[in-house]
Amino acid sequence: MKQEKTISTVGRRKEAVARVRVTAGNGGITVNGKPIIEYFAGPVLQKIYTRPLELTNTIGKNIISVKVEGGGSTSQLDAVIHGIVRALSKMDPKFRAILKKEGYLTR
């Protein structure tokens, strides 16, 4: 049986800490066991957390599981994005330059 490659990273913002696991799969993002659409509701927030995936053309190509704690909702969202971006840059070194140019790799 072939072992799936899982990438684990940590994203931080203020007091919020997000532990992110990315595995190859059919897509879908869960945050603390809920779909991300339920955890961070609203079209504006959806646009914010899907932007790094759009830049790297990885929407629907990975299963992303996030555990986030601490801080407020905005800090938690920023920590989740930071963790996802770090995982994407670990996945493919080409993504690092794209995401760094957009300012996603700074805490």
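Higher on the page you've got the structure.
Computed from a prediction, not measured in an experiment: that's the story for all the values here.

What counts, and at which threshold
Residues numbered from 1 in each chain as written. Predicted model: local features only at pLDDT ≥ 70, side-chain atom pairs only at ≥ 80, totals over all residues. Heavy atoms only, no water. Pairing = 2+ DSSP bridges. Helix = DSSP H or I, 4+ residues; strand = E, 2+ residues; numbered from the N terminus. Contact = heavy atoms within 4.5 Å. Axes fitted to C-alpha atoms, helices over the stretch in contact; angles between N-to-C directions. Parallel < 35°, antiparallel > 145°, perpendicular 65-115°, else oblique. Left-handed = near helix turned anticlockwise from the far one by under 90°. Nonpolar A, V, L, I, M, F, W, Y, C, P; charged D, E, K, R; others polar. Phe/Tyr/Trp six-rings, centres within 6.5 Å; stacked < 30°, edge-to-face > 60°.

J.: Can you tell me about the sheet that holds strand β3 (residues 29-31), naming the residues and giving the values?
T.: Strand order in the open sheet formed by 5 strands is β1-β2-β5-β3-β4, and the pairing between neighbours is mixed. The open sheet has two free edges, formed respectively by β1 (6-13) and β4 (34-35), since each of these has just one partner strand. As judged from the 8 bridges shared by strand β2 (residues 16-24) and strand β5 (residues 62-69), these two strands associate in the antiparallel manner. Note that in β5 the partner of Arg19 across the bridge is Lys67. Lying over the sheet, helix α3 (residues 73-91) contacts β1, β2 and β5, oriented at roughly 145° with respect to β1.

J.: I'd love a proper account of the packing of helix α2 (residues 43-55) against α3, names of residues and values included.
T.: What describes two packed helices is the angle between their axes and the distance between those same axes. Viewed as axis vectors pointing N to C, α2 and α3 meet at an angle of 15°, and their least axial separation amounts to 9 Å. Between α2 and α3, the crossing angle belongs to the class labelled roughly parallel. Of the two possible hands of crossing, α2 and α3 adopt the one that is right-handed. Across from Leu45, Ile48, Tyr49, Pro52 and Leu53 in α2, the residues of α3 making contact are Leu77, Ile81, Ile84, Val85 and Leu88. Across the contact of α2 with α3, the residue classes tally to 10 nonpolar, no polar and no charged.

J.: Provide a residue-level description of the packing of aromatic side chains, including the pertinent values.
T.: Taken as a whole, this structure holds 1 aromatic pair when the rule is applied. Geometrically, the ring pair formed by Tyr39 and Phe40 is edge-to-face, given 4.9 Å between the ring centres and 80° between the ring planes.

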